[in-house]
Amino acid sequence: MRFSMRQLIQNSAKMSNRYIPHTPEDIALMLERIGVKSVDDLYADVPAEVIFKEDYALPEGMSELELREWFKALGARNRQMTVFGGQGAYDHYAPSVIPHLLERSEFYTAYTPYQPEISQGTLQYIFEYQSMISELTGLEATNASMYDGATATAEAAFMMVASARKRNCVLVSETLAPRVTEVVRTYMKFHGVELRMVPERDGVTDLEAFAEMVKAGDVAGVILPQPNRYGIVEDFTGVADMVHAEKALFALNADPSALAVLRSPAEWGADIACGDGQTLGMPLQFGGPYLGYMSCSKAQLRKMPGRVVGATTDRNGNRCFVLTLQAREQHIRREKATSNICSNQSLMALYATIYIALMGEKGLREVNRMSADGAHYLYSRMIGSGKFEPAFDKPFLKEFTVRTSLDINKINRRLADNGIMGGVDLGNGLVSFAVTEKRTKEEIDRLVTLMLED
């Protein structure tokens, strides 16, 4: 059958209109089924003061050319900043080839891993992702994947409680990033799990207090950071022995990029590793998307949420990939499933896979070496100025915290006016800075000069 170009265009236009609105009858039927009188009633628990009541500032209909120009002008309002902030979002370099590989059709369109015969592209990169993260963490199994580092950490807490049976308490160090702790706290509150905070001392986890707290008898597991909220690389020697002696589990929230040069979670004796994959070259955005990773020992594998892909051979002896341990998942066990992460960050898992493959072990080590060199250079310049002093005498990699009596907000406004995103104010005179491999000596010197201006 032959089609004219006009017919092809007309058919394409028809197929592109994928939005079919609900009729008033459809809406009335759905509201009746769930026992609600109106659509507004669905938002009855949302405080009235946060509901937007004005008209949206959207333009009238435009042609394609006009719309492209409108978005171009809108995008031009964004300011490109030189970033020295960190606290969970780092300005690492991303090779330009990544977006091109992300959009290859064998990866981009093969979405349903439950049907391996049509989704080998997705299954293969998930398998490769799992293998690479397991190599970084040193643990035997990795899932694919979680929404972000904070929710991955909360899921790690659930894993520990599920494994410990009658124990219902999780210990979290105060040196874990506060935004991560708050997410974990919210998850635990609505699942009836008690969260206890291990105090910090001199910028690191107070291991003496920790040793006493872990002996309480009801502790299912502990979560510690590496590096911590101040950028400090903590020493967890003996922690795993203390935790395991009390039949609890040990989870390490770790920066996956830093694991290229730091001791791995497995080497620390951790049972679970989790965190955010944003440091694997993911660009800074307005809140994401990021990637939560999770690895665990073989003993904890059946308690781990998220998809797990295995390699096998088909009946012709060809290598292929399939979902494994599917009895854990919601499409088989419904509400009794261990894993109900159904819409995972698969695209970002692919992003991380391509980044790690491109960088390799040598590249990841170089990223950390350059970042550390820049961070220590900035630290020495700031301390040498006499306007900043060390907050903690502890080792750090690419992020550090200093103390100052200067007005941090005033300094950051001045920096922003000059196209620089400065340090993060942690309160009480503490300010945190991060330096990645993208920052040059000239940029660091300019930062210091601007900070020291009267």
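Residues numbered from 1 in each chain as written. Predicted model: local features only at pLDDT ≥ 70, side-chain atom pairs only at ≥ 80, totals over all residues. Heavy atoms only, no water.

**Some remarks on a nonpolar patch on the surface**
1) Next: A cluster of nonpolar side chains, contributed by Ile27, Met30, Ile34, Val39, Leu42, Tyr43, Val46, Val50 and Ile51, occupies part of the molecular surface with about 770 Å² of accessible area.
2) Next: Along the chain, Val46 turns up in the loop between α2 (24–34) and α3 (64–75).
3) Next: Among the residues examined, Val46 registers a relative accessible area of 32% and is labelled partly exposed. (Patch = residues over 30% accessible without salt bridge, like charges linked within 9 Å, V, L, I, M, F, W, Y side chains within 5 Å. Areas by Shrake-Rupley, 256 points an atom, 1.4 Å probe, with all protein chains shown as cover. Salt bridge = Lys/Arg side-chain N within 4 Å of Asp/Glu carboxyl O. Helix = DSSP H or I, 4+ residues; strand = E, 2+ residues; numbered from the N terminus. Buried < 20%, exposed > 50% of the residue type's maximum accessible area, 1.4 Å probe, protein only.)

**Considering the sheet that holds strand β9 (residues 272–276)**
1) Next: The mixed open sheet is built from seven strands, whose spatial order is β2-β10-β9-β8-β7-β3-β4. The open sheet is flanked by β2 (141–142) and β4 (194–198), the only strands paired with a single partner.
2) Next: Bridge analysis of strand β8 (residues 249–254) against β9 gives three bridges, and the strand direction is parallel. Of the residues in β9, the one forming a bridge with Leu252 is Ala273.
3) Next: Each of β2, β9 and β10 (292–296) touches helix α6 (residues 120–137); the most contacted strand, β10, lies at about 65° to it.
4) Next: Here helix α7 (residues 149–164) sits on the sheet in contact with β3 (169–173), β7 (219–226), β8, β9 and β10, set at roughly 160° to β9. (Pairing = 2+ DSSP bridges. Contact = heavy atoms within 4.5 Å. Axes fitted to C-alpha atoms, helices over the stretch in contact; angles between N-to-C directions.)

**Section: α6**
1) Next: Along its 18 residues, α6 runs 26 Å from first to last C-alpha, staying within 8% of the 26 Å computed at 1.5 Å per residue.
2) Next: In terms of burial, α6 is a largely internal element, 13 of the 18 residues being buried. (Expected span 1.5 Å × (residues − 1).)

**A short note on the pattern of salt bridges**
1) Next: Tallying each qualifying case throughout the model produces 17 salt bridges.
2) Next: When the shortest N-O distance is used, the salt bridge between Arg104 and Glu106 registers 2.8 Å.
3) Next: Accessibility expressed as a relative area gives 42% for Arg104, which makes it partly exposed.
4) Next: Of the residues examined, Glu106 reaches a relative accessible area of 31% and is grouped as partly exposed.

**Side note on unusual backbone geometry**
1) Next: Geometrically, the link from Ala144 to Ser145 is a cis peptide bond, its omega value of -15° lying close to zero.
2) Next: In this fold, Ser145 is placed in the loop between β2 and α7.
3) Next: Here Arg165, not a glycine, exhibits a phi torsion of approximately 60°, which is positive.
4) Next: Topologically, Arg165 is positioned in the loop between α7 and β3.
5) Next: Look at Lys247: it is not a glycine, yet its phi comes out positive at around 60°.
6) Next: The exposure class assigned to Lys247 is exposed, which follows from its relative accessible area of 68%.

**Describing α2**
1) Next: Little of α2 is tucked away: one of the 11 residues are buried.
2) Next: In the segment just after α2, Gly35 is the residue with positive phi, at about 75°.

**Things to note about the packing of aromatic side chains**
1) Next: According to the stated counting rule, one finds 12 aromatic pairs in the structure shown.
2) Next: Where Phe107 meets Tyr125, the ring centres are 5.7 Å apart and the plane angle is 80°; that geometry is what we call edge-to-face. Placement of the pair is Phe107 in helix α5 (residues 105–108) and Tyr125 in helix α6, with a sequence separation of 18 residues.
3) Next: Since its relative accessible area comes to 6%, Tyr125 is described here as buried.
4) Next: With a centroid separation of 6.4 Å and an interplanar angle of 80°, the aromatic rings of Phe236 and Phe250 are classed as edge-to-face. Within this pair, whereas Phe236 is found in the loop between β7 and α10 (239–245), its partner Phe250 is found in strand β8, the two being separated by 14 residues in sequence. When sorted by exposure, Phe236 lands in the same class as Phe250, which is buried. (Phe/Tyr/Trp six-rings, centres within 6.5 Å; stacked < 30°, edge-to-face > 60°.)

**Concerning the nonpolar core**
1) Next: Ranked by internal contacts, the top residues of the largest apolar core, which has 34 residues, are Tyr129, Tyr355 and Ile356.
2) Next: Secondary structure elements with two or more residues in this core: α4 (97–102), α6, β12 (319–323) and α13 (346–384).
3) Next: Considering each element in turn, this core owes the most residues, 11 residues, to α13.
4) Next: Sequence-distant contacts of Tyr129, defined by excluding residues within four places in its chain, comprise Thr142, Asn143, Ala144, Ser145, Leu291, Gly292, Tyr293, Ala349, Ala352 and Thr353.
5) Next: Counting 33 residues, the second-largest nonpolar core is a separate cluster that includes Ala156, Phe158, Leu176 and Leu249. (Core = buried A, V, L, I, M, F, W, Y, C linked by side-chain atoms within 4.5 Å.)

**Considering the side chain of Asn143**
1) Next: Along the chain, Asn143 turns up in the loop between β2 and α7.
2) Next: For Asn143, a relative accessible area of 0% gives the class buried.
3) Next: Residue contacts for Asn143: discarding those within four places in its chain leaves Tyr129, Gln130, Met294, Met304, Pro305, Gly306 and Arg307.

**Overview of the side chain of Thr151**
1) Next: By the element assignment, Thr151 lies in helix α7.
2) Next: The exposure class of Thr151 is buried, given its relative accessible area of 13%.

**Considering the packing of α13 against helix α15 (residues 441–451)**
Helix-helix packing is characterised by the crossing angle of the two axes and by the distance between the axes.
1) Next: Contact geometry for α13 and α15: axes closest at 10 Å, N-to-C directions at 25°. It follows that α13 is roughly parallel to α15 by the angle criterion. Relative to α15, the crossing made by α13 is right-handed. Residues Gly374, Tyr377, Leu378, Arg381 and Met382 of α13 form the contact with α15, whose own contacting residues are Lys441, Ile444, Asp445, Leu447, Val448 and Met451.
2) Next: Here the residues of the contact of α13 with α15 sort into seven nonpolar, one polar and three charged. (Parallel < 35°, antiparallel > 145°, perpendicular 65-115°, else oblique. Left-handed = near helix turned anticlockwise from the far one by under 90°. Nonpolar A, V, L, I, M, F, W, Y, C, P; charged D, E, K, R; others polar.)

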